[in-house]
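Secondary and tertiary structure notes
So you can see what is in the structure, the chains are spelled out below.
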Amino acid sequence: MRSARFAFLLSYQFLAESLGFVVHKVCRNAASSNFASPNQSPSTIGHGGLPASERPKIVLVAGFESFNRELYKRAADDIDIELHVFADSDIRVANNLPSLDPNDLSLHPSFRQALLDADAFIGSLIFDYDDVLAIKSLLPKINGPRLIFESATELMEFNSVGTFNMAKVDDGSAPGPPPAIKTILSTFGSGKEEDKLSGYLKLLKVGPDLLKFVPGDKASDLRTWLEAYRYWNQGGASNVKSMLQIINTLCRSAHSELKQLPQLQVTPDIGLIHPLFYRSSDGVSPYFESPRDYLSWRLSDRTKHLAIKHNFRLAPAGAPRVAMLLYRKHVITEQRYLQDLLTIVEEQGIIPIPIFINGVEAHTIVRDLLTSEYETEMVKRGKFHRADTYQHNNAVAVEAIVNTIGFPLVGGPAGSMEAGRNVDIAKELLTSMNVPYMVASPLLLQSIQQWKRNGVQGLQSVVLYSLPELDGAVDTVVLGGLVGDKIALVPERVRKLIQRIDGWVRLRRTPPSDRKIAISVYGFPPNVGAVGTAALLDVPRSLEMLLARLHKEGYNLGDWAAYPDASGESLVAALAVLCEDRVVVGGADRMPAALENKIERASGGDRTVAESLGRNGRGLGGARVVAKNISSDELEKMVGKYMYKKVRRAWNEKQRGPGVSANGDFVVAGLQVGNVWIFVQPMLGVEGDPMRLLFERDLTPHPQYCATYEWMKLPESRGGFGANAVLHLGMHGTVEWLPGQPLGNDRKSWSDELLGELPNIYIYAANNPSESILAKRRGYATIVSYNVPPYGRSGLYLELASLKDVIDEYRASHGESDMYLLQTIYDLSLRSGMIKDVPLFNDGCVDDSALSILSLADKNDWVSRLSDHLNLLQDRLFSSGLHIFGSRPTDEDLLAYGSAYFGDRLSEDSLRQSITKFREASSNRSQNIWADLIASIDSLLGLSALSTVSSIEDDVMDVINLLDRSTEELDNVINALDGGFVPAAPGGDLLRDGIGVLPTGRNIHALDPFRIPSPGAWARGKRAADEILRQHKEKNSGQYPETVAVTLWGLDSIKTKGESVAIVLALVGAHPIKETTGRIVRYDLISLKELGRPRIDVLASLSGIFRDSFANIVDLLDDMFERAAQADEPLNRNFVRKHAMELLESGVSERVAARLFSNPPGDYGSMVNEVVGTGDWEDKDALGEIWQSRNSFSYGRGEGSIEAAGRARPEVLDKLLSTTERVVQEIDSVEYGLSDIQEYYANTGALKIAAENRRSVDSLTGKRKKVALSVIEAFGIGGDDAPMAVQDVEDVLRLEYRSKLLNPKWRDKMLGQGSGGAYEISQRMTALIGWAATAKIDNYVFDQAAERYALDDDVAKTLQRSNPEAFKNVIRRFLEAAGRGMWSTDAETLTKLQLLYADADDLVEQGSS
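Basis of the calculations
- Residues numbered from 1 in each chain as written.
- Predicted model: local features only at pLDDT ≥ 70, side-chain atom pairs only at ≥ 80, totals over all residues.
- Heavy atoms only, no water.
- Helix = DSSP H or I, 4+ residues; strand = E, 2+ residues; numbered from the N terminus.
- Contact = heavy atoms within 4.5 Å.
- Areas by Shrake-Rupley, 256 points an atom, 1.4 Å probe, with all protein chains shown as cover.
- Buried < 20%, exposed > 50% of the residue type's maximum accessible area, 1.4 Å probe, protein only.
- Pairing = 2+ DSSP bridges.
- Axes fitted to C-alpha atoms, helices over the stretch in contact; angles between N-to-C directions.
- pLDDT = per-residue confidence, 0-100.
- Expected span 1.5 Å × (residues − 1).
- Bend = angle between axes of the 7 residues up to and from the residue.
- Phe/Tyr/Trp six-rings, centres within 6.5 Å; stacked < 30°, edge-to-face > 60°.
- Lys NZ or Arg CZ within 6 Å of the ring centre and 35° of its normal.
- Core = buried A, V, L, I, M, F, W, Y, C linked by side-chain atoms within 4.5 Å.
- Salt bridge = Lys/Arg side-chain N within 4 Å of Asp/Glu carboxyl O.
- Parallel < 35°, antiparallel > 145°, perpendicular 65-115°, else oblique.
- Left-handed = near helix turned anticlockwise from the far one by under 90°.

**Some points on the overall build of the protein chain**
Scanning the protein chain from N- to C-terminus turns up 58 helices and 36 strands. Of the contacts formed within the protein chain by residues at least 6 apart in sequence, a portion of 77% connects residues at least 24 apart. Accessible area for the protein chain stands at about 50,600 Å²; split by element, carbon and sulfur atoms hold 48% of it.

As structure tokens, this is what we get:
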């Protein structure tokens, strides 16, 4: 992996503080031993003293600046030196497998020999950990000068010129420069903490001038180093030549005193450039000093004449003005791509404000030299106050900011400030500007060819995506990449950037009343009542809130507000009609009549039609059907010949996909309310294979999918809708999952094509930062998050409540042998199925005579365990209902959130009183009431410890206030539709991640992948691994498992900060290694002696999102497994090595240490949930084989170069599956339990079956041995030392189903959510089938589910009325369970269900007729 440009920020601080420290020592005439390294005398360090006839051999490593390799070579042509220039890719042998030998650093022989022969060394911008170790191993062998610039601190310490060096000195003094020097350092900045790094740069520039007046060799040597650094930093042929001359002199001279120095060619730290000015500068500086000066020149008549003279196309004077932050190093070295970039920007109608910077001053540019119309207006109103550093006479207003460097806006990842503060400052600055903030850059760590083949990978993805997203960056575009050592643009990608900018600017400039907004809702999977649903969101009521707010903001909503009975449920019901196959076949022209027919039937009381369509005014608020038949020729014009050719190849005349009329046209349909068009996003594939598109990379969206998005974008003048923006309502849609690059869209990526220039505002669940970053990166989404629904507690119900009462009565008798009560407890346990949860015997055996043979102590023990389990169950949390976007939580909602968050720390009465006080304060807006509120909480809590009270007081007020700000969800959608900036925030949920995820309505992001696992996650992961092994040994006669399969998902890795990764490390016996910046750079093996047990082999099952988002972790894990496989350790103590050796013996010759498996490159998902959804599967073994076929691709560093993103290795996967004895799955949130979503059984459950399919046959049972599945519920408040509960999957499923699906409290909440709630119930029934196929589901679960949903007439009628297709699916799943032998029930129940299904099927058919 190539070195990272962003890490050099820390070296600035290191340099300046080292300088300050050394100056301090010089001025005190400190002993020379303070400057020498321990093994060299001060008089010889850095002095070569070569004979005059001998040419010095100088090695230069151009790390992150490999593009300057030729510049360095040319600069040495006229100097009597032998210069060897290496790029970072030349240091080590490519693709060499890792070795346990710390001395084996895979050094390239030619590089190693060059350093051993070198008289001097120069290094710049070197950060890759392996490169650092390799170079570090050889630097002590170089006795001549060593000059290392802006690199990892581990290398910076080897700087030495004469008596000056940067070696660490252990003299008892505090780290860093002395106070006096710190005072000097502070004078070179603004005094603001966030400006410290840019202040360091200024000090480094003037350091040599300061040292001129300090006598002695030490000061002279330090000045020599700084002068060389100044020449290097200023760059350019002349300066580089001067630097090499200095080093040539150092190699030949006995001392380093500088005589006559060449003239330094100075480029300002900050300036502005323009291709036209550069061409006409005629010897004067080609740089402008301020944006105001630049813009005056740019808009002048003289510039217009120059443009004509040079045949240069300028954007018109009224064009959008966009600030573009450029990398100064590239400006100095005259990288051609910058001129090309600015030329294309002008040609495309944008006026660039191109400001070059070193990289650490980006925030100062935004703060001091840029403004916007919004910010100016807010300052006039007195709502904003500019910083005192704002330069009014130099600043200009812009409509967008594009960062072409990729740094975080403030300080970078190794900034000097306390953690998190840099993000807060960036948020404040960008919120004040309130214009889109984008990142667009050529790839400097990958070639264009590599990007085109496999997308943006590894460290490059962190620089370009992960870090800027912390600031709120959107619409990232890859502008090009490396071609050899040169940086090259892809002009089409530059034009894409301009289109994205233009879309946002046009949106802002269009008055709200004229803006045309498209709103997408979802309807996948088909035929199960999914239209108008989204995860955790009440879509119909959210749609109502959104339309009402748009009307209030002046958008044209037609007559929507004039209809009091207008409802989201009616809109969703009408959209469902437009999606019916029979309606689509009739074509666009017949759709209004088809909907009118349904409305008439609903008004007449026809129960086969959605009741909401029969309301006064039809419930549609004046919405009308707007549909269009699009022919093949029209679609070709829309997408262009190139892309349409791909569509025709994938979808021929025989299989044209869904959404096709009888006449062969592609039907696009929706409802229009004024200037708002609402549509159902087309499904990805075809019925029977609904996810076909997702899993075949060469496919394209089907023609009707393309037609929908293309018509939506098409200007009204050309027959389209002419949308100014698209809003995707809820989590989640599919446009971001379309075929194309995994990361870094190119022209062939379908999300790039279909979204075009449209701003994409995506309403997304706040607790899913994993999949939201896919929407952001592949779908150009500006995320606006919504909160999770309030939490509910399961409580006890029906037989469980009765059981608890009887147990309490029995225990009140002090456990005396009351057989009547005991028998009642036993009977209730049998009837409720609780005997399965808490069996009398360890083997789970149920025997009516058991009570009579148990001792009194055993009976009391069982009752006690039963009581504990009921207490656990009644306190178990679930997600209660669905969230309404932008709605303010009720007092009961706040109580539910607060109760779940604070738990036993706060009583319900205290919380209620706090909420009441909060409401009073909010309504009165009185400072006195707020003071009273704070003062009163002490008595409410009844706590004695002052510090604890204060902490709880703050927490209570923060939580209530932040939850109450959920109205900002709508505020930020409106601001985004104004072309504004949506503040960034971490994704997560309150219970797991704390109040940092609030308020919602934010552009959520993930975390820095180079900090995984976090220290806390590492501690928790180790404890979890220990518990997994303890439980396994307990159940397997003390034997360790040879292989454990661990699922690594993007979502749980983000929310737990890497606990599952930590589990993998702990099982294998490894730990994370950090370099100076805190970045994790290796997972090193722990010795077997320290480990104290065998190394467990691990099959790591990667989700597609984990694979793509955490490529660095994939490489580090792969490196660790390779090291473990090569370790010279006994096979019975190292199962990784054992299985690798067995694979070699079986004839497998490649990658026997491959352990990281996932889908094919660019694909996502196991496809198991799709076949379970359609019912198209034979038996559970088939589900395991589907999983295996979809997950046989190996990933990691060992697969070779970056071009090899993943390779199929089914033979290695089969070996690992055959030795897998246990599977591990983390659950990261209350909202997504095992029973809530399809992905758990489809991936983890199916993995378990795939392993069992390959296990040996048990001689006692005659069946294949079972594979255990351990579940870790990693949600809730708990410190790093909190216990890690590891449970068997069957136990967790029992808790899940009792607290949710079987719980009348949960059921009634969902029934109250209309069609969306009915769909949620339906989906959990489908998941129940999936778990019954892949794990063990007790019969009572099906029994009680049938009683709750099918055999209860009132519930059945409510379900059917709310969502007929969802109800039909519920009944279908019961019949499927009985037919597959998953559920044993009586004939009478089956008959009732069959009749219900026939009736439900008839109703659905009649409804669609």
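**A short note on the pairing of strand 16 (residues 517–521)**
Burial within strand 16 is extensive, with 5 of its 5 residues counted as buried. Taking every second residue as pointing to the same face, both faces of strand 16 are buried, with I517, I519 and V521 on one and A518 and S520 on the other. Across 4 bridges, strand 16 lies against strand 20 (residues 725–729) in parallel orientation. Across the sheet, residue A518 finds its bridge partner in strand 20, namely V726.

**Overview of the sheet that holds strand 18 (residues 666–673)**
The mixed open sheet is built from 7 strands, whose spatial order is 17-18-19-16-20-21-22. The sheet is open, and its two edges are formed by strand 17 (624–630) and strand 22 (781–786), each paired on a single side. The mean inter-strand angle of the sheet, taken between neighbouring strand axes irrespective of direction, is 25 degrees. One ladder, built from 7 bridges, connects strand 17 with strand 18; its direction is antiparallel. Bridge assignment links R624 to a residue of strand 18, and that residue is Q672. Strand contacts of helix 27 (residues 703–713): strand 16, strand 17, strand 18, strand 19 (676–680) and strand 20, with the helix running at about 40 degrees to strand 18, the strand carrying the most contacts.

**Here's the deal with the confidence of the model for the protein chain**
In the predicted model, the protein chain carries a mean pLDDT of 86, and 86% of its residues have values of at least 70. Low pLDDT, under 50, characterises residues 1–10; the predicted model gives this stretch 53 contacts beyond four residues in sequence or across chains. Scored below 50 in pLDDT, residues 412–420 makes 20 contacts in the model with residues more than four places away or belonging to other chains.

**Examining the environment of V528**
Within the fold, V528 resides in the loop between strand 16 and helix 21 (539–552). According to the relative accessible area criterion, V528 is buried, its value standing at 8%. Each C-alpha atom, one on V528 and one on Y1319, is 7.4 Å from the other, the two residues being 791 residues apart in sequence. Not counting chain neighbours up to four residues away, the residues in contact with V528 comprise Y1319, S1322, Q1323, N1363, E1365, A1366 and N1369.

**Digging into helix 51 (residues 1239–1253)**
For helix 51, spanning 15 residues, the distance from its first C-alpha to its last is 20 Å, which sits close to the expected 21 Å at 1.5 Å a residue. Where helix 51 bends most, at A1246, the angle is about 25 degrees. Across the 15 residues of helix 51, 14 count as buried, placing the element largely inside the fold.

**Focus on the sheet that holds strand 34 (residues 1220–1227)**
Across the sheet, which stays open at both edges, the 8 strands sit in the order 33-32-31-30-27-34-35-36 with mixed pairing between neighbours. Lying at the two open borders of the sheet, with one neighbouring strand each, are strand 33 (1207–1208) and strand 36 (1286–1288). Taken together, the 6 bridges between strand 34 and strand 35 (residues 1268–1273) define a ladder with parallel strand orientation. Bridge assignment links Q1225 to a residue of strand 35, and that residue is V1271.

**Notes on the packing of aromatic side chains**
Applying the stated criterion across every chain, the model contains 29 aromatic pairs. Both rings, one in Y791 and one in Y897, keep their centres 6.1 Å apart while their planes meet at 90 degrees; by these two values the pair is edge-to-face. In this pair, Y791 sits in strand 23 (residues 791–793) while Y897 sits in helix 35 (residues 891–902), placing the two residues 106 residues apart along the sequence. Y897 matches Y791 in its accessibility class, with the two residues each being buried. Among the aromatic residues, those joined into a ring-pair cluster are W677, F679, Y705, Y709, W711 and F721. The positively charged end of R386 is found above the aromatic ring belonging to Y390, 4.2 Å away from the centroid. Over the ring of Y1164 we find R1107, and its NZ or CZ is 5.3 Å from the ring centre.

**Overview of the environment of V483**
The residue V483 is located in strand 14 (residues 474–483) in this model. For V483, a relative accessible area of 49% puts it in the partly exposed group.

**Describing unusual backbone geometry**
Between F524 and the following residue, P525, the backbone shows a cis peptide bond with an omega angle of -5 degrees. Tracing the sequence through the fold places P525 in the loop between strand 16 and helix 21. With an omega dihedral of 0 degrees, the bond running from I1012 to P1013 counts as a cis peptide bond. Residue placement: P1013 occurs in the loop between strand 26 (1003–1005) and helix 41 (1015–1035). Phi at L125 takes a positive value of approximately 55 degrees, unusual for a residue other than glycine. Phi is positive for K1057, which is not a glycine, with a value near 60 degrees. Structurally, the position occupied by K1057 is in the loop between helix 42 (1050–1055) and helix 43 (1059–1068).

**Let's talk about the side chain of S1053**
For S1053, the position within the fold is in helix 42. Judged by its relative accessible area of 0%, S1053 is buried. Non-local contacts of S1053, meaning those with residues more than four positions away in its chain, are made with I1012, G1058, S1060, F1106 and F1110.

**A closer look at the side chain of Q460**
Within the secondary structure layout, Q460 lies in helix 19 (residues 458–469). Setting aside anything within four residues of it in sequence, one finds Q460 in contact with L443, L444, L445 and Q446.

**Here we look at the nonpolar core**
Counting residues in hydrophobic clusters, the biggest one holds 425 residues, and the most contacted among them are M243 and W1331. A per-element tally of this core places helix 54 (residues 1314–1334) first, with 9 residues.

**Digging into the pattern of salt bridges**
A side chain of one charge can pair with a side chain of the opposite charge when the charged atoms of the two come close. In total, this model carries 84 salt bridges according to the counting rule given. For R1030, the salt bridge is made with E1034, and the minimal N-O distance between the two is 3.1 Å. Of this pair, R1030 and E1034 both sit in helix 41, 4 residues apart, roughly one helical turn. Look at R1030 and you get partly exposed, because its relative accessible area is 41%.

**So, the packing of helix 8 (residues 217–234) against helix 9 (residues 237–252)**
A pair of packed helices is captured by two measures, namely the crossing angle of their axes and the spacing between those axes. Put simply, helix 8 and helix 9 touch, their axes get as near as 7 Å, and they point 155 degrees apart. Taken together, the axes of helix 8 and helix 9 lie roughly antiparallel to each other. Both helix 8 and helix 9 take part in a crossing whose hand is left-handed. Across the interface between the two elements, T224, E227, A228, Y231, W232 and Q234 of helix 8 pack against N239, V240, S242, M243, I246 and L250 of helix 9.

**What about helix 54?**
The terminal C-alpha atoms of helix 54 lie 31 Å apart, and with 21 residues this matches the ideal 30 Å at 1.5 Å per residue to within 8%. For helix 54, a buried count of 21 out of 21 residues is recorded, marking the element as mostly surrounded by other parts of the structure.

**Description of the environment of A610**
Of note, A610 is situated in the loop between helix 24 (591–603) and strand 17. For A610, a relative accessible area of 27% puts it in the partly exposed group. For the pair A610 and E569, spaced 41 residues apart in the sequence, the C-alpha separation amounts to 8.8 Å.

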